[in-house]
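Inside the fold
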Amino acid sequence: MRSTAVSRRFLADPSVTGGCLCGGVRFELTEPATAAGYCHCTRCQRRTGTGASAQARIDGRTFRLLQGEELVKAWRPPDSGFEKCFCRECGAHLFSRNPEDPTQMSVRMGAFDGDPGVRPSWRAYVDYAAPWEPIPEDGLERFAEGKSRF
Ligand SMILES: [Zn+2]
Ligand SMILES: [Zn+2]
């Protein structure tokens, strides 16, 4: 009989688990993400090095950091906004959080181990989209600025 910790690891649903590139940081959600979207803001372009960021919005109360808390670096934009959390060892982007209300979080879609189930259904900050990557005609709802969480 395996220890509870080990068998739990094997049984963990990859749609709700994830981590960074080096494996130092691991997390899980107690509930699957229910909403997701693309963000084309210039901050997301900078931090990802790409044209947009795909992220799932979650309730921070469903988020559990399983390991690597000491590796998670949170960068808070000087002029307000969600803090951006990444692995200080490998640089992988993991999640963002409202410092004033930690129940408001987003997890980077690429940080999940498997298919998180949810699909991006909107594009935010399209007015700031990278000139080198036209926004595809995919029918997703578009927002010139941010999309409200409610
Ligand atoms: Zn890492
Ligand atoms: Zn953004």
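Residues numbered from 1 in each chain as written. Chains lettered and ligands numbered in written order. Predicted model: local features only at pLDDT ≥ 70, side-chain atom pairs only at ≥ 80, totals over all residues. Heavy atoms only, no water.

Right, let's talk about the nonpolar core for a bit. F63, L94, F95 and V107 are the most contacted members of the largest nonpolar core, which has 23 residues in total. Beyond its immediate sequence surroundings of up to four residues, V107 is in contact with F27, A54, Q55, A56, I58, F63, L94, F95 and F112. (Core = buried A, V, L, I, M, F, W, Y, C linked by side-chain atoms within 4.5 Å. Buried < 20%, exposed > 50% of the residue type's maximum accessible area, 1.4 Å probe, protein only. Contact = heavy atoms within 4.5 Å.)

Where a metal carries four tetrahedral donors, each ideal angle is 109.5 degrees; where it carries six octahedral donors, the ideal angles are 90 or 180 degrees. The protein atoms that coordinate the zinc ion (ligand 2) are C39 (SG), C41 (SG) and C44 (SG), at distances of 2.1 to 2.3 Å. For C39, a relative accessible area of 7% corresponds to the buried category. C44 sits in the buried class, given a relative accessible area of 3%. (Donors = N, O, S within 2.8 Å, 3.2 Å for Na, K, Ca; no water.)

Our focus in this paragraph is the sheet that holds strand 1 (residues 17-19). With antiparallel pairing, the 3 strands of this open sheet are ordered in space as 1-2-5. This sheet does not close on itself; its edge strands, each paired only once, are strand 1 and strand 5 (63-67). Ignoring strand direction, the axes of neighbouring strands in this sheet form an average angle of 25°. Sheet topology places strand 1 next to strand 2 (residues 26-29); 3 bridges connect them, and they run antiparallel. When the bridges of strand 2 are listed, G19 appears paired with R26. (Pairing = 2+ DSSP bridges. Helix = DSSP H or I, 4+ residues; strand = E, 2+ residues; numbered from the N terminus. Axes fitted to C-alpha atoms, helices over the stretch in contact; angles between N-to-C directions.)

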